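Fold and contact review
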Amino acid sequence: MKKLISLTELDRQQITEILETAMQMRKISASTFKKAPQLIGYTVGGVWQKPCFSSAAFSLAASYLSGTMHPFYGAEDAVAHSRLLDAMGVNAVVLSCENDNALRQFAQSARCCVINGGSQNAHPLAALADLMTLWLKADGLQNLTVLAVGNASNNKTTELNYCLQLFGSQFCRYLPAEDFTTPRNGIVISSAEAAFAGVDAVIDLGLAPFCDASRYYGTAGGISEKLMDKAAVQAPLLGADKVVDSVGAKPYAYSAQRTADSCAVAVAMALLYLASKG
């Protein structure tokens, strides 16, 4: 795997290979002794604006596989800094850059492997972590109906929609009728009750600033328990670990957020390992 800019450029077999490799890598990250030899002598440069979910996952991933990770934060020109790392001989660069075209152009000219660490329109790590969590919690990715709520974290929704379709599943969005600005991916439903009815899993994408949470979640404090009760029995919830009832927020028994966090590290390990194999 020379580069990974978006999951929409991969086929089902390639995505399955990443997820199956991540399943094996998760055994290492879950063990007491977190030191495997797969990336000995392998150096990874990472460029992000600030420490984040992606930088933490890749830094731990490189460490668990005995590689060397050098994260850089706040570079004035992230692409130029990545070119510098490439010229200095790193084996791979994980680049977070809002400009997808600039990221893609760098990947095409770079000698090292390039992995998208999060851009305006794609976030392979985040999407794969959600897919792996669904695989574990729903016993595979076939014939699922997955609902996304909220209007933030939209850079992974196109990839989720694409990948779930590859496996014969559906990706749905609940968006209030008055929301005309959020990008439409998958099947968009404007009725909350209809959107939640019978779905196999729910992904909370979070909210953009200054949004009325009650219009997206049914309550001002988060996803309404009444809405989650309309989903399939024991439907996992990703992106949040609480729901809101008539009293207030409470832990959701089937939250899969901790699983998703552990999957993110396993996916990052898989991506770096597959990158090292070319």
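That block above? That's the structure.
From a predicted model like this one, the values you see are computed outputs, not experimental measurements.

Some remarks on the overall build of the protein chain
In terms of regular secondary structure, the protein chain is built from ten helices and twelve strands. Its C-alpha atoms give the protein chain a radius of gyration of 19 Å, within 12% of the compact-globule value 19 Å for 278 residues. Relative to its full complement of 278 residues, the protein chain shows a buried share of 52%. Total accessible area on the protein chain is roughly 12500 Å²; 50% of this is exposed by carbon and sulfur atoms.

Describing the sheet that holds strand β1 (residues 3-4)
As summarised here, the arrangement of the five strands in space is β1-β5-β4-β2-β3, forming an open sheet in which the pairing is parallel. Of all the strands in the sheet, just β1 and β3 (68-73) have a single pairing partner and so form its edges. Along the sheet face, helix α2 (residues 53-64) touches β2 (43-48), β3, β4 (92-97) and β5 (113-119) and points at about 160 degrees away from the line of β3.

Quick word on the sheet that holds strand β6 (residues 145-149)
Read from one edge of the open sheet, five strands run β8-β7-β6-β9-β10, paired in parallel fashion. One side of each edge strand has no neighbouring strand; the edge strands of this open sheet are β8 (187-189) and β10 (237-238). Judged from the two bridges that link them, strand β9 (residues 201-204) and β10 form a sheet pairing that is parallel. Counted as the bridge partner of Ile-203 is Leu-238 from β10.

As for the pattern of salt bridges
Throughout the structure, instances matching the rule amount to six salt bridges. Measuring nitrogen to oxygen at the nearest pair gives 2.7 Å for the salt bridge that ties Asp-130 to Lys-156. A residue pair is termed long-range when its members are at least 10 positions apart, and Asp-130 in helix α5 (residues 124-138) and Lys-156 in the loop between β6 and α6 (157-166) qualify at 26 residues. Both residues of the pair, Asp-130 and Lys-156, count as buried. Notably, a salt bridge pairs Lys-250 with Asp-245, separated by 3.7 Å at the nearest N-O pair. With relative accessibility at 29%, the residue Lys-250 sits in the partly exposed group. A relative accessible area of 25% places Asp-245 in the partly exposed class. When salt bridges with common partners are traced through the structure, they connect Glu-178, Asp-212 and Arg-215 into a single cluster.

The rules behind the values
- Residues numbered from 1 in each chain as written.
- Predicted model: local features only at pLDDT ≥ 70, side-chain atom pairs only at ≥ 80, totals over all residues.
- Heavy atoms only, no water.
- Helix = DSSP H or I, 4+ residues; strand = E, 2+ residues; numbered from the N terminus.
- Rg over C-alpha atoms; globule rule 2.2 N^0.38 Å.
- Buried < 20%, exposed > 50% of the residue type's maximum accessible area, 1.4 Å probe, protein only.
- Areas by Shrake-Rupley, 256 points an atom, 1.4 Å probe, with all protein chains shown as cover.
- Pairing = 2+ DSSP bridges.
- Contact = heavy atoms within 4.5 Å.
- Axes fitted to C-alpha atoms, helices over the stretch in contact; angles between N-to-C directions.
- Salt bridge = Lys/Arg side-chain N within 4 Å of Asp/Glu carboxyl O.

Just distances and angles here, no functional claims.
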